[in-house]
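Understanding the architecture of this molecule
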Amino acid sequence: MAKRLAKRRAPRKPFVSEAAIHMQVAGFLRHAWPADLRHWHTPNGEARDARTGAKLKAMGTLPGVPDFTFILPNGQGAFIELKSQSGDLSDSQIDFMAAVTALGCGYAVCWSVEDVERTLTKWLGLFGRSLNARTHTKGPTVDPAKEPLFAAPDSPQQVGGAEHVQRLEPTV
């Protein structure tokens, strides 16, 4: 009797929602981002009823604005858009990216808190600055000793002719 060999499936990586990634990044930034510099989250996402959507639009909410905005040591703006492993940039996000990178702002698309850490380390390093020690105290966390939830791309992906990760040049 021949033994039947069972096919072994590769273990699936757990799906992590974009909201969970936002909370991980917010927790990371509370401790890691230098206290003398500013950053904020712009809550453009989430489902809203038509009335609230119309009110926000009338108040100036713009489509495509990235999730996090950072003011760097020289006053330059930089933006990070977070995506889940299955997320793609919308047309309005691509348009926003093209507009701000043309003005010299930094822009990156990140899929994990580790991607955010690498991006901010690079951007702050251009000004001789660094992040504070990495610590997590509240909310969902990522254990760097374990396999990352998502692998970051080895090279910047092309979207609409622009690189996701733009290099910032310090301005005087």
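Just so you know, these numbers come straight off a predicted model, no measurement behind them.

1. What to know about the pattern of salt bridges
- Applying the stated rule across the entire model yields 3 salt bridges.
- A salt bridge links Asp36 to Arg129; the shortest N-O distance between them is 2.7 Å. Taken together, the residues Asp36 in the loop between α1 (18–32) and β1 (39–41) and Arg129 in the loop between α4 (113–125) and β5 (158–159) connect sequence positions 93 residues apart.
- Classification of Arg129 as partly exposed rests on a relative accessible area of 28%.
- Here Glu81 makes a salt bridge to Lys83, at a shortest N to O gap of 3.7 Å. Judged on exposure class, the residue Glu81 and its partner Lys83 are both buried.

2. Some details on the confidence of the model for the protein chain
- Chain-level statistics for the protein chain give a pLDDT mean of 75 and a share of 68% at 70 or above.
- When mean pLDDT is compared element by element in the protein chain, strand β2 (residues 68–71) scores highest at 96, while β5 scores lowest at 30.
- In the model, residues 135–168 has pLDDT below 50 throughout and makes 65 contacts with residues more than four positions away in sequence or in other chains.

3. Things to note about the pairing of β2
- For β1 and β2, the ladder comprises 3 bridges, and the chain directions are antiparallel. Counterpart to Trp40 in the pairing with β2 is Thr69.
- As paired elements, β2 and strand β3 (residues 77–82) share 4 bridges and run antiparallel to each other. In the strand pairing of β3, Thr69 is matched with Phe79.
- Joining the antiparallel neighbours β2 and β3 is a turn of 5 residues, in which Gly75 adopts a positive phi near 90°.

4. Comments concerning α1
- With 15 residues, α1 should cover 21 Å at 1.5 Å per step; its first-to-last C-alpha distance of 20 Å lies within 8% of that length.
- Those residues of α1 not exposed but buried are Ala20, Ile21, His22, Gln24, Val25, Gly27, Phe28, Leu29 and Ala32.
- Summarising the contacts, the buried residues of α1 are in contact with β1, β2, β3 and α4.

5. Let's talk about the environment of Met97
- Within the secondary structure layout, Met97 lies in helix α3 (residues 91–102).
- Note: C-alpha distance between Met97 and Val109 (12 residues apart in sequence) is 9.7 Å.

6. Notes on the packing of α1 against α4
- Axis separation between α1 and α4 bottoms out at 9 Å; the angle between their running directions is 40°. In terms of orientation, α1 and α4 fall into the oblique class. Considering how the two elements wind past one another, α1 and α4 form a crossing that is right-handed. Of the residues in α4, those touching α1 at Gln24, Val25, Phe28 and Leu29 are Val113, Val116, Glu117 and Leu120.
- Across the contact of α1 with α4, the residue classes break down as 6 nonpolar, 1 polar and 1 charged.

Calculation rules
- Residues numbered from 1 in each chain as written.
- Predicted model: local features only at pLDDT ≥ 70, side-chain atom pairs only at ≥ 80, totals over all residues.
- Heavy atoms only, no water.
- Salt bridge = Lys/Arg side-chain N within 4 Å of Asp/Glu carboxyl O.
- Helix = DSSP H or I, 4+ residues; strand = E, 2+ residues; numbered from the N terminus.
- Buried < 20%, exposed > 50% of the residue type's maximum accessible area, 1.4 Å probe, protein only.
- pLDDT = per-residue confidence, 0-100.
- Contact = heavy atoms within 4.5 Å.
- Pairing = 2+ DSSP bridges.
- Expected span 1.5 Å × (residues − 1).
- Axes fitted to C-alpha atoms, helices over the stretch in contact; angles between N-to-C directions.
- Parallel < 35°, antiparallel > 145°, perpendicular 65-115°, else oblique.
- Left-handed = near helix turned anticlockwise from the far one by under 90°.
- Nonpolar A, V, L, I, M, F, W, Y, C, P; charged D, E, K, R; others polar.

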